[in-house]
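# Examination of the molecular architecture
Listed below, chain by chain, are the residues.
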Amino acid sequence: SPGGTGYWLVDSAGNIYTAGTALYYGGPSQLNPNLPAGGTSVTVTGTNFTGASAVAFGKTAATSFTVNSDTSITASSPAGAAGAVDVTVTTPSGTSATGAADQFTYTSCSAPTVSAIAPTGGPAAGGTSVTITGTNFESGSGSSATCQASAVNFGSTPAGAGSVIINSATSITAVSPAQAAGTVDVTVTNAGGTSAKSSADQFTYSSTAPGQGYWLVTSQGTVDAYGSAPAITPAVMNLGPNKVVAIATSPGGTGYWLVDSAGNIYTAGTALYYGGPSQLNPNLPAGGSNAAVVTGGIVGIAATADGKGYWEVDGQGDIFTFGDAGYHGTPAQLNPSAPAGGSNSVLPLNSPIVGIVSTGDGQGYWEVGADGGIFTFGDATFQGSMGGVKLAAPVVGMIAFGTNYEMVGADGGVFTFPPGSPIFHGSEHGSLPAGITAVGIAETSTGAGYWIANSSTPAANFGDAQSLTGPAASGVVAIAAS
């Protein structure tokens, strides 16, 4: 080597052996496949770095380095065998002395990779639970704990404090921190390095306030997210000849259930599967609807308050319960506590049931008919109905806030109960384009506004519901607030 203070030996296979000041720069195979790959960005702090001509990790030259100032250098670690080495800096004045402060430890870990995240977006306020899929997130049985993921970052900001859960070597759950609106890369770091950035790891922060978002779903199961609703889709969709008919939101607005006309359930985000009509709840009281088959085609779904169960309803009003959803009756088993003259006194049905809404505590539910008739069960209270009133268009959806509820007709008209209650914020009656019909209604988290979804136009907003932009809607059959 220059100055006669070191040398390189080479054998017949081209392998290099260094001594003294001679540094290692590679061999014919470039890198030993059994060595860690290096590539870690290392900040070296010290003095008299101006004019530095070399940075070495043990006997091996740094892959690259930048002299930031007389006291700081940034260097990229070369490949090296597992273990500790001294990081040295060479200047015209000589090479830095070695000591405990300059040691860099190589591990046998491979850097993580991120292949997908779900959901891919959330509010700027943070708080979105994100599942990260990739590789090398933990060491596995019998391996060194230093190979486990040590950090998850959204851009340059760490995930929410205490929120990182390593589910497996290929899955991590973390909560998004608060950030300005925009798109960032979600990266995972372990002792082997940090995952490379790609389009697969990108998370988009929305400036829309929490509770200001919804999903629109088509009969084919396409789901588009608007506002603060996370962009999530079911992992499995096998509709066959069936069509998606309804959607229900899980607590916190971080997941949803889709149900098709046969009662099959498709989950997304934090919504979990608790069964379908082929796995009926055996704990129902004798005579419960689950003892029967689906007779009118499933038309609606409602989730329990804790998200650990749901009800399905068919066009005849039959109820199917799953998880911790309790059975409270059907139109064929009317609620004896209903007020005289309420819709629950009417049999047979004058029109098909079109939807179901659960009460706030999950101890009851309302069923609504296409004629605006209301059937109450459990602790759901009867506040009035449109039963017996001639409607300009059939009722297509319903929402409830507390004991009050609202219906929306296919013409965009809104009916509130009890009449004159402050939950009315406007309607689309008379303003829908020709050939366009309303298909559902979704409420904001405050109960002071709602969106009305239409078959082929963006959802209209009323009250404190924000006007939200997103994919062009087409063929929409249902809406749910996040």
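So, how was this worked out
In this convention, every chain numbers its residues from 1, walking through the sequence in written order. Selection of residues for local features in this predicted model requires a pLDDT of at least 70, selection of side-chain atom pairs for listing and counting requires 80 or more, and totals for whole chains, interfaces and linings are taken over all residues. To get the side-chain values, take all heavy atoms of the structure and skip hydrogens and water. Any two strands with at least two DSSP bridges between them are considered paired. Helix and strand assignments follow DSSP, with helices taken as H or I runs no shorter than four residues and strands as E runs no shorter than two, numbered in order from the N terminus. Here, axes are lines fitted to C-alpha atoms. For helices the fit covers the stretch in contact, and angles between N-to-C directions go from 0 to 180 degrees. Note on terminology: a nonpolar core comprises buried Ala, Val, Leu, Ile, Met, Phe, Trp, Tyr and Cys residues joined through side-chain atoms within 4.5 Å. Only protein chains enter the area calculation, which uses a 1.4 Å probe; residues under 20% of their type maximum are buried, those over 50% are exposed, and those in between are partly exposed. pLDDT expresses how confident the predictor is about each individual residue, on a scale running from 0 to 100. Any pair of residues with heavy atoms lying within 4.5 Å of one another is described as a contacting pair.

## Points about the sheet that holds strand β37 (residues 460–463)
- Spatially, three strands are ordered β35-β36-β37 in an open sheet, and the strand pairing comes out antiparallel. Taken across any chain shown, the strands that pair with only one partner, and hence form the sheet edges, are β35 (438–443) and β37. Averaged over all adjacent pairs, the angle separating strand axes in this sheet is 20 degrees, with direction ignored.

## A closer look at the nonpolar core
- Core analysis: the largest hydrophobic core is formed by 16 residues, its most contacted members being Ile132, Val152, Phe154, Val188 and Phe203.
- The set of elements that each furnish at least two residues to this core consists of β11 (113–118), β13 (129–135), β14 (151–154), β17 (171–175), β18 (182–190) and β20 (202–206).
- Sort the elements by how many residues they give to this core and β18 lands first, with three residues.

## Concerning the confidence of the model for the protein
- Averaged over all residues, the pLDDT of the protein equals 85, while 87% of them reach at least 70.
- Between residues 280–293, whose pLDDT stays under 50, and residues either more than four places distant or in other chains, the model counts 26 contacts.

## Some words on the pairing of strand β38 (residues 476–481)
- The element β38 is extensively covered by neighbouring structure, given that five of its six residues are classed as buried.
- Summarising the sheet, strand β21 (residues 213–218) and β38 pair through five bridges and their orientation is antiparallel. Bridged to Trp215 within β38 is Ala480.

## Quick word on the environment of Phe137
- Mapped onto the fold, Phe137 is located in the loop between β13 and β14.
- By relative accessible area, which is 0% here, Phe137 ends up buried.
- Each C-alpha atom, one on Phe137 and one on Thr170, is 5.9 Å from the other, the two residues being 33 residues apart in sequence.

## Regarding the pairing of β21
- Taken across its six residues, β21 has six buried, putting it largely inside the fold.
- Burial along β21 is two-sided: Gly213, Trp215 and Val217 facing one way and Tyr214, Leu216 and Thr218 facing the other are all buried.
- Pairing analysis gives five bridges linking β21 to strand β22 (residues 223–227), with the strands arranged antiparallel. Across the sheet, residue Leu216 finds its bridge partner in β22, namely Asp224.

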